[in-house]
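Descriptive analysis of the structure
Chain residues, written in single-letter form:
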Amino acid sequence: MKKWIEKIQNSINLEELEEIRVKIFGKKGILAQEFKKLKNLSNEEKPKVAKELNELKNRLNGLICTKKDELQKKALQEELIKENIDPSLYSPYNIKGALHPVQDTMDRIVEYFISMNFSIENGPLIEDDFHNFEALNLPKFHPARDMQDTFYFKDEMLLRTHTSPVQIRTMLNNEPPIRMISPGAVFRRDFDLTHTPMFHQVEGLLVDKKQRVSFANLKFILSDFLKYMFGDIDIRYRPSFFPFTEPSAEVDISCIFCKGKGCRVCSHTGWLEVLGCGMVDPNVFKAVGYKDVSGYAFGLGVERFAMLIHKIPDLRSLFEGDLRLLEQFR
Ligand code: PHE
């Protein structure tokens, strides 16, 4: 047996050790042979020899395990030396990722409204006529449907043209009061300097008991939000029209490029339009079966915010994936 112990201890690599292990422990290995011989022994001798054999077996096994461990460590060490990797070496390819400016802007918008206790709601991108138009006080053949250049599928299904259908879904699934925003992609047949067929909006809706919600509440939250996004700016509310709000307004901020003096970006008006909003039209409440409530709603384009915040001149460049542009936001 001494011979085998020496063999184990002197083996120089894992293959050799494995060969020895098979010779000792294999089906026809020396241990198996020794155990076979037991049957030829007398009944007194048998247990004694068997015990010795078992002890030997355990000892050899232990030795092999220890040796295996040692050889594995040695093999790894040799491998490392052979591959010669210096993990501390400076790499010129150490490129960090960054949030896309649209995502980053979206995050900031959502962050504000979460801090004001608004919940986040989501809806499908493929909508039906009822949620995208009808329930929002846009009956069939209403001329205001032309404002939204819709992509249609068969069977009155369409790509949602705004996030307002999520207002409807939320009201149909919940009792008032409601205080929600809904960020997400929307689609319109439009493509130029300031329009892409897919862009992102954030919708807002607040509903509570009648006379609990006023236009002044709407003005407060939007003005506070715009100051959070753009810093020190002037804000004005301009009368406007949306079928789902009455009265409606568009919100302008003083041009952040020329500080209101007038430049190309603001078409020399000194103002930039950034939001649509208004008090929820009674017809919308009727469509979702809400009674004795009042509310306000607003909607904004995330890309427009991103362009203004980062001074990006062409909206389309946000979707071209050009690393030279995106790397600037690291
Ligand atoms: N849905 C409108 C749009 O896409 C924006 C809006 C939302 C206006 C809510 C008023 C209230 O243009």
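Residues numbered from 1 in each chain as written. Predicted model: local features only at pLDDT ≥ 70, side-chain atom pairs only at ≥ 80, totals over all residues. Heavy atoms only, no water.

Near the ligand there are 14 residues, and of these His162, Ser164, Arg188, Gln201 and Phe298 occur at the shortest range. At a separation of 2.8 Å, an oxygen atom of the ligand approaches a polar side-chain atom of Arg188. A total of 320 Å² of accessible area belongs to the ligand in isolation, and the protein chains cover 91% of it. Taken atom by atom, the bulk of the ligand overlaps the largest pocket. Within the residue set of the shell around the ligand, elements represented by two or more residues are strand 5 (198–209), strand 8 (271–280) and strand 9 (293–301). Ranked by residues supplied to the shell around the ligand, first place goes to strand 9 with three residues. (Near = heavy atom within 4 Å. Polar contact = N/O pair within 3.5 Å; in protein donor to acceptor, adjacent residues only side chain to side chain. Areas by Shrake-Rupley, 256 points an atom, 1.4 Å probe, with all protein chains shown as cover. 1 Å grid on protein atoms, 1.4 Å probe; cavity = no way out; pocket = protein on both sides within 12 Å on 5 of 7 lines; lining within 4 Å. Sits in = over half its atoms within 2 Å of the grid points. Helix = DSSP H or I, 4+ residues; strand = E, 2+ residues; numbered from the N terminus.)

The volume enclosed by the largest pocket comes to roughly 910 Å³. Along the walls of the largest pocket sit 37 residues, with Arg188, Phe199, Gln201, Glu273 and Gly301 positioned nearest its centre. Elements represented by at least two residues in the lining of the largest pocket include exactly strand 5, strand 6 (235–242), strand 7 (245–254), strand 8, strand 9 and helix 10 (302–310). Among the elements that make up the lining of the largest pocket, the one with the highest residue count is strand 8 (six residues). Its residues assigned to classes, the lining of the largest pocket shows 15 nonpolar, 14 polar and eight charged. In this structure, the second largest pocket occupies an estimated 380 Å³ of space. (Points joined across faces, edges and corners; volume = space filled by probe spheres on them. Nonpolar A, V, L, I, M, F, W, Y, C, P; charged D, E, K, R; others polar.)

This part takes up the sheet that holds strand 4 (residues 178–187). With respect to topology, seven strands assemble into an open sheet ordered 1-4-5-9-8-7-6, the strand pairing being mixed. Each end of this open sheet is capped by a strand with a single partner; those strands are strand 1 (119–120) and strand 6. As defined by bridge partners, strand 1 adjoins strand 4 across two bridges and the pair is classed as parallel. Pairing of Ile120 across the sheet is with Ile181, part of strand 4. Packing of helix 5 (residues 101–115) onto the sheet brings it into contact with strand 1, strand 4, strand 5 and strand 9, and relative to strand 4 it is tilted by some 170 degrees. Those strands touched by helix 7 (residues 165–173) are strand 4, strand 5 and strand 9, and its axis lies near 140 degrees from that of strand 4. (Pairing = 2+ DSSP bridges. Contact = heavy atoms within 4.5 Å. Axes fitted to C-alpha atoms, helices over the stretch in contact; angles between N-to-C directions.)

Take the pattern of salt bridges next. Oppositely charged side chains are able to pair whenever their charged atoms sit close together. A complete count under the given rule lists 17 salt bridges for this structure. Here Arg316 makes a salt bridge to Asp314, at a shortest N to O gap of 3.3 Å. We classify Arg316 as partly exposed; its relative accessible area is 25%. (Salt bridge = Lys/Arg side-chain N within 4 Å of Asp/Glu carboxyl O. Buried < 20%, exposed > 50% of the residue type's maximum accessible area, 1.4 Å probe, protein only.)

Taken as a whole and assessed by the stated rule, the structure comprises eleven aromatic pairs. Look at Tyr112 and Phe113: their rings are 5.0 Å apart centre to centre, the planes differ by 90 degrees, and that puts the pair in the edge-to-face class. An angle of 20 degrees between the planes, with centres 5.9 Å apart, marks the rings of Phe242 and Phe244 as stacked. The exposure class of Phe244 is buried, given its relative accessible area of 10%. (Phe/Tyr/Trp six-rings, centres within 6.5 Å; stacked < 30°, edge-to-face > 60°.)

You can see Glu273 is positioned in strand 8. With 80 residues separating them in the primary sequence, Glu273 and Leu193 have C-alpha atoms 16 Å apart. Non-local contacts of Glu273, meaning those with residues more than four positions away in its chain, are made with Arg238, Glu250, Val251, Asp252 and Arg304.

Splitting the protein chain by domain gives domain 1 (2–83) and domain 2 (101–329). Spacing between the C-alpha centres of domain 1 and domain 2 amounts to 76 Å. (Domains from an automatic or database assignment.)

Glancing now at the packing of helix 5 against helix 10. Running from N to C, helix 5 and helix 10 cross one another at 100 degrees; their axes reach a closest spacing of 9 Å. Between helix 5 and helix 10, the angle falls in the class roughly perpendicular. Listed contacts from helix 10 to Pro101, Val102, Asp104, Thr105, Met106, Arg108 and Ile109 of helix 5 are Val302, Glu303, Phe305, Ala306, Ile309 and His310. Counted by class, the contact of helix 5 with helix 10 contains eight nonpolar, two polar and three charged residues. (Parallel < 35°, antiparallel > 145°, perpendicular 65-115°, else oblique.)

Every α-helical turn comprises 3.6 residues, leaving residues that sit three or four positions apart pointing alike. Among all positions of helix 10, only Val302, Glu303, Phe305, Ala306, Met307 and Leu308 are buried. In this structure, the buried side of helix 10 is in contact with helix 5, strand 5, helix 8 (215–230), strand 8 and strand 9.

All right, on to a positive patch on the surface then. A contiguous patch of positive charge on the surface is contributed by Lys27, Lys28, Lys36 and Lys39. Looking at where Lys28 falls in the secondary structure, it is placed in the loop between helix 2 (14–25) and helix 3 (30–37). (Patch = residues over 30% accessible without salt bridge, like charges linked within 9 Å, V, L, I, M, F, W, Y side chains within 5 Å. Lys, Arg positive; Asp, Glu negative; His and termini not counted. Charge placed at Lys NZ, Arg CZ, Asp CG, Glu CD.)

For the rest of this paragraph, the subject is the packing of helix 2 against helix 4 (residues 45–83). The contact between helix 2 and helix 4 brings their axes to 10 Å, and the two run at 170 degrees. In terms of orientation, helix 2 and helix 4 fall into the roughly antiparallel class. Considering only the axes of helix 2 and helix 4, their crossing is left-handed. Here Leu14, Leu17, Arg21, Ile24 and Phe25 of helix 2 lie close against helix 4, whose contacting residues are Lys57, Leu60, Asn61, Ile64, Lys67, Lys68, Leu71 and Gln72. Looking at the contact of helix 2 with helix 4 residue by residue, the class counts come to seven nonpolar, two polar and four charged. (Left-handed = near helix turned anticlockwise from the far one by under 90°.)

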